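# Examination of the molecular architecture
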Amino acid sequence: MESNFKMVAKTLFGLEDLLAKELRQLGASGIEKGTRNVAFEGDTGFMYKANLCCRTAIKILKPITAFNVFTEEDLYKSIYKIEWEDYMEANGSLAVDATVFSKQFTHSQYVALKTKDAIVDRFRDKEGVRPDVDLDHPTLRINVHIDRNICTVSLDSSGQSLHKRGYKTETGLAPINEVLAAGIIMLSGWEGQCNLMDPMCGSGTILAEAAMIACNIPPNLNRDEFGFETWPDFDVNLFEVIENAALKKIKDFHFKIYGSDKDGYTLNKAKENINNANLQDFIEIQQQDFFESEKPVDKPMYLIFNPPYDERLSVADIDVFYKQIGDTLKQSYPGTQAWMITSNMEALKNVGLKTSKKIKLYNGKLESRLVRYEMYEGSRKASKQ
């Protein structure tokens, strides 16, 4: 029986609790939350499962060694000592990602370059052949993390970031990251228990992630490849067993997901992405302006959306735009729980509704708030009685 080993799942700020819960539900042990990451333990099959099934993970890293570093020479020598031939062939290719939190090492690019030099030199010295660098589809992706004087070297089992689900060929102007979209839906508490609507759906990311959550479809089912598939010890039979077990857990969804946007060009992109993910049976899309819309069903529902930020609207319009959001929610969407993410805290004041929840997140580099407005049927007072 293969023994468990330690792994680290990286995520976005504010999604750590969700990721820890996902890992626990998938069967991980030894879970420890950090900032933008969760450490856990599992075996090789679990590593495959975490990559396939975690909605809020960006990377699943497998640490192979850690050592003290004080100088560039320490870094080079320690990296050189690692038996890289166990992890890749000399004629393979590699990519190195580095993150640094250190006084000695201030440039992550430089650390990545020094790491690559040490690996390449080892292969050249031992086998007379050196691996190439391939940033897009390497045989082996390596992660170097320096925190003060401790350097941790990990194999990146994911390859490209796990937000690249594989269904999105088309994006709008300011697309929301798939991991962030899934995280927002999960933070809202929506799991498919009622209808859901994204009235400013852009290229359809929130719609697709919601449908996969409602049906328990593995989020990375549509990906072409994971990093671990090019490792020498990749077990294709085990991966198929893991994939088939995950597919058996897909369930029915008895409500509808509605998407709309006033931009027809963007909506066509959304339709294409949703078709790529084979989710068209669960999602209804139509072109309409949210400010002229009404609630499509007479039952309780969730609204989850990412309104356009300043880069997609002239600043002169932004306060009016947010006021219109508040007016539309009040007048046309009774009996809804409305969640929206924005990085414009000033404009948010113009919504004119009381938030019942505020969660700090980042949308890319922009500090943002995910806010909840509860739109009661009739007055709030009446709904409490």
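- Looking at an unreviewed UniProt entry, the protein chain carries the name Class I SAM-dependent RNA methyltransferase, with the source organism given as Marixanthomonas ophiurae.

## What about the state of the cysteines?
- Counted according to the given criterion, the structure contains zero disulfides.
- Not engaged in a disulfide, the cysteine C194 finds its nearest cysteine sulfur in C215; these two sulfurs lie 14 Å apart.

## Some points on the sheet that holds strand β11 (residues 283–287)
- Overall, mixed pairing links the seven strands, which are arranged β11-β10-β9-β12-β13-β15-β14 in an open sheet. Two strands close off the open sheet at either side, each with one partner strand: β11 and β14 (357–363). Taken pair by pair, the neighbouring strands of this sheet meet at an average axis angle of 20 degrees, ignoring direction.
- Here strand β10 (residues 257–261) runs beside β11; their pairing, made up of five bridges, is parallel. Paired with D261 across the two strands is Q287, which belongs to β11.
- Against the sheet, helix α5 (residues 178–188) contacts β12 (301–305), β13 (336–342), β14 and β15 (366–375), and its axis sits at roughly 170 degrees relative to β14.
- The sheet contacts of helix α6 (residues 205–215) involve β9 (195–198), β10, β11 and β12, and relative to β10 the element is tilted by about 175 degrees.

## Structural notes on the pattern of salt bridges
- All told, the structure shown has 15 salt bridges when counted by the stated rule.
- A salt bridge links K59 to D156; its shortest N-O distance comes to 2.7 Å. Of this pair, K59 sits in strand β4 (residues 59–68) while D156 sits in strand β8 (residues 150–156), placing them 97 residues apart in sequence.
- According to the relative accessible area criterion, K59 is buried, its value standing at 12%.
- Here K77 and E73 are joined by a salt bridge, their closest N and O atoms 3.1 Å apart. Taken together, the positions of K77 and E73, both in helix α3 (residues 72–81) and four residues apart, correspond to about one turn of that helix.

## Describing the packing of aromatic side chains
- Inspection of the entire model under this criterion finds 20 aromatic pairs.
- Judged by centre distance (5.8 Å) and plane angle (65 degrees), the rings of F40 and F46 are edge-to-face.
- Classification of F40 by relative accessible area gives buried; the value is 0%.
- On the accessibility criterion, F46 (6% relative accessible area) is buried.
- Of note, R36 hangs over the ring of Y362, and the distance from its end group to the ring centre comes to 5.7 Å.

## Brief notes about helix α7 (residues 236–247)
- Over its twelve residues, α7 extends 16 Å from the first C-alpha to the last, a length consistent with the 16 Å expected when each residue adds 1.5 Å.
- Each element contacted by the buried residues of α7 is listed here: α2 (44–53).
- Sitting at the amino-terminal end of α7 is D235, which places a side-chain oxygen 3.2 Å from the backbone nitrogen of N237.

What counts and what doesn't
Residues numbered from 1 in each chain as written. Predicted model: local features only at pLDDT ≥ 70, side-chain atom pairs only at ≥ 80, totals over all residues. Heavy atoms only, no water. Disulfide = S-S within 2.5 Å. Pairing = 2+ DSSP bridges. Helix = DSSP H or I, 4+ residues; strand = E, 2+ residues; numbered from the N terminus. Axes fitted to C-alpha atoms, helices over the stretch in contact; angles between N-to-C directions. Contact = heavy atoms within 4.5 Å. Salt bridge = Lys/Arg side-chain N within 4 Å of Asp/Glu carboxyl O. Buried < 20%, exposed > 50% of the residue type's maximum accessible area, 1.4 Å probe, protein only. Phe/Tyr/Trp six-rings, centres within 6.5 Å; stacked < 30°, edge-to-face > 60°. Lys NZ or Arg CZ within 6 Å of the ring centre and 35° of its normal. Expected span 1.5 Å × (residues − 1). Polar contact = N/O pair within 3.5 Å; in protein donor to acceptor, adjacent residues only side chain to side chain.

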